[in-house]
Amino acid sequence: MAAPTNTGAAQGVFLLICFHFFACRFSCAQQLPGTWEVVLENAGIASMHTAVTRFGNVVLLDRTDIGPSRLLLPCGRCRVDSTDTFLPAGGQDCSAHSALFDPSTRRLRPLSILTDTWCSSGQFLPNGTLLQSGGDLDGLRKLRAFSPCSFDDGQCDWMEIESPRLADGRWYATNQILPDGSVVIIGGRAAPSMEFYPPSRALRPFPFLDATRDAQMDNLYPFVHLLPDGRLFVFANVRSILYDVDTGDVVREYPVLDGGPRNYPSGGSSVMLPLEATGGYARAEVVVCGGAQYETFLHRQTDAPASTTCGRIAATDPDAAWALEEMPFPRVMGDMVMLPNGEVLIINGAQAGSQGYEMGSNPCLNPVVYRPDQPTGTRFMVLTPTEIPRMYHSTANLLADGRVLVAGSNPHYFYRFEGAFPTELRLEAFSPEYLAADKDGLRPSIKSAPEKAWYGDDFEVVVETALPLVGQMEMNLLSAPFATHSFSQGQRMVRLSVSSTVAVAEGGAPYRYRVVCKAPPDGRVAPPGYYMAFAVNQGVPSVARWVQLLL
Ligand SMILES: *[C@@H]1O[C@H](CO)[C@@H](O)[C@H](O)[C@H]1NC(C)=O
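**Here's the deal with the pattern of salt bridges**
As enumerated under the stated definition, the model contains 32 salt bridges in all. As a salt-bridge pair, Asp 102 and Arg 107 come within 3.7 Å of each other at their nearest N and O atoms. Between Asp 210 and Arg 213 there is a salt bridge, with the nearest N and O atoms lying 3.2 Å from each other. The class of Asp 210 is partly exposed, set by a relative accessible area of 39%.

**Regarding the domain arrangement of the protein chain**
Examined at the domain level, the protein chain breaks down into domain 1 (49–206) and domain 2 (440–550). Using only C-alpha atoms to locate each centre, domain 1 and domain 2 end up separated by 30 Å. Contacts between the two partners involve 28 residues from domain 1 and, on the opposite side, 18 residues from domain 2. Summed over both partners, the interface of domain 1 with domain 2 comes to about 1,600 Å²; 62% of that surface belongs to carbon and sulfur atoms. The largest per-residue losses of area from domain 1 upon contact with domain 2 belong to Arg 54, Pro 126 and Pro 179, which jointly make up 30% of the total buried on that side. Run the count over domain 1 and domain 2 and you get 0 salt bridges.

**Section: the pairing of strand 2 (residues 49–52)**
Side-chain alternation along strand 2 places His 49 and Ala 51 on one buried face and Thr 50 and Val 52 on a second face that is also buried. In this sheet, strand 38 (residues 482–484) lies alongside strand 2 in antiparallel orientation, the contact comprising 3 bridges. Of the residues in strand 38, the one forming a bridge with His 49 is Thr 484. When strand 2 meets strand 3 (residues 58–61), the two strands line up antiparallel, connected through 4 bridges. Note that in strand 3 the partner of Ala 51 across the bridge is Val 59.

**Quick look at the sheet that holds strand 24 (residues 323–326)**
The strand order 20-22-23-24 describes an open sheet built from 4 strands, whose pairing is antiparallel. Each edge of the open sheet carries a strand with a single partner, namely strand 20 (269–272) and strand 24. Between one strand and the next, the sheet's axes are offset by a mean angle of 20 degrees, whatever the strand orientation. Pairing of strand 22 (residues 285–289) with strand 23 (residues 309–314), which is carried by 5 bridges, proceeds in the antiparallel orientation. In the strand pairing of strand 23, Val 286 is matched with Ile 313.

Analysis parameters
- Along each chain, residues carry numbers from 1 onward, in the same order as the chain's sequence is written.
- Where totals are concerned, whole chains, interfaces and linings use all residues; where local detail is concerned, this predicted model gives features only for residues with pLDDT of at least 70, and gives and counts side-chain atom pairs only at 80 or more.
- Hydrogen atoms and water are omitted, and side-chain values are computed over all heavy atoms in the structure.
- In the sections that follow, a salt bridge refers to a side-chain nitrogen of Lys or Arg positioned within 4 Å of a carboxyl oxygen of Asp or Glu.
- Only protein chains enter the calculation, and the probe is 1.4 Å; a residue is then buried if its accessible area is under 20% of its type maximum, exposed if over 50%, and partly exposed in between.
- Here the limits of each domain have been adopted from an automatic or database domain assignment.
- Whether two residues are in contact is decided by their heavy atoms, any of which lying within 4.5 Å being enough.
- When two components associate, each loses some accessible surface as probed by a 1.4 Å sphere; the sum of these losses over both components is called the buried area.
- Secondary structure elements are defined from DSSP: runs of H or I of at least 4 residues count as helices, runs of E of at least 2 residues count as strands, and each element is numbered from the N terminus.
- Strand pairing is assigned whenever DSSP detects at least two bridges linking the two strands.
- Lines fitted to the C-alpha atoms define the axes, with helices restricted to the stretch that makes contact. Angles between their N-to-C directions range from 0 to 180 degrees.

Set out below in structure tokens:
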């Protein structure tokens, strides 16, 4: 198959850059959309894995075998590990490698993680508990659980599960919650297999990850998306398949995506675009962006330009084919974050090199937004840059207030504060343009919403706006994924069908509306668990309410 030509896209990008250049010749203080803010100067740890809990607070998680962090374990506790060669004689480590951050009050509390979570994986269970799996060394076959609490409770902490253990070592694996609320754990270094939690289904080989391994791997942290027909879209290196978990069959193989390898250590990213009630949730599109050139990692080519392309495929179409699009910047180690209005933020990373081990250079400080519904060639918009490079081991997560929390970045080992791209302890929040003050009139505010919703049932949300509504309010559900290594495991957005938006009070502002929407039909469209429910008015989201979808 010939690669689609993309002159239109390239021209669009060129015009955008030219426009920006000329605009900046005149006055360029804050020309670009979006704003940045450091929300915590010192998180004490560099978060390489980050997840937002149903209480709105954020689990930050690093690894243990990296020497002492800048945060002490609670209550004077210490971890003793004589096998950890980075600890002083006696193997005592009294520092924390995980923490809970409350973005609304900017408070931080250390959490206790005692086995090595380096390059591990995770996913929220239907009851809101974060299940976390694998890592290196003593963590390789470990499962852990964090049952979250409100920040003021101050009690919740990690629990290291003694039994069951993982059937295979999981270092650089990807987890995905399934329609029945169980979790599949896929791949990892020297682990071309998958297993399940709870382990009621046995370990099974997954040869696709053997077939996609090349000289530098490129098959780690595979991009996994649960399609609305219940099957998995799995992408590794340059290839992708449709996999039926129930039968264990590879149902189909998609065309190869051109433009170089995309998975670890080539550091691309991926999202599934919002699932739409229109058309009965039958269609799903997947986008894969960025990466490195072939063998950049193998030959330590830190200056080799990163990939500039995204591939987009309608994974549910019988004749699915990749369409290539040009990003405004090359990017490796970027994070793709679904925003509540259905746009995709691409943030963090570098413009050259590859993932890991001090192999990135030229940080990409500008996020860009990808607007999937715009015509090809006009989908990308360049956003306000940060001043803080976010290279290897950095993360990005949507918060319930619509901001995006950015954390982490390190040279890969230790807490090192000198040299190029040192350990980064600052937490930042990026506010997309929809949070700007000139959007306040449109911004919905949810006054009431149910805490639970059942598949296929109608439910009612009461929303207020400062200006009268034009048309229908959107209600969108967004999962809270487990973000690590440029991929947000379990990230999904589901647009609900809204049957009516009725004004409930006469008179002036605020304008109050009763919005009736329908919960997703089943766990294939949205696995059970807690979702952020956003009301969205003309692209401007409310603060989310957490709604639990029940089987
Ligand atoms: C959530 O479910 C998990 C797995 O079934 C269980 O271990 C955990 O105790 C549950 N947590 C709560 C808070 O019920």
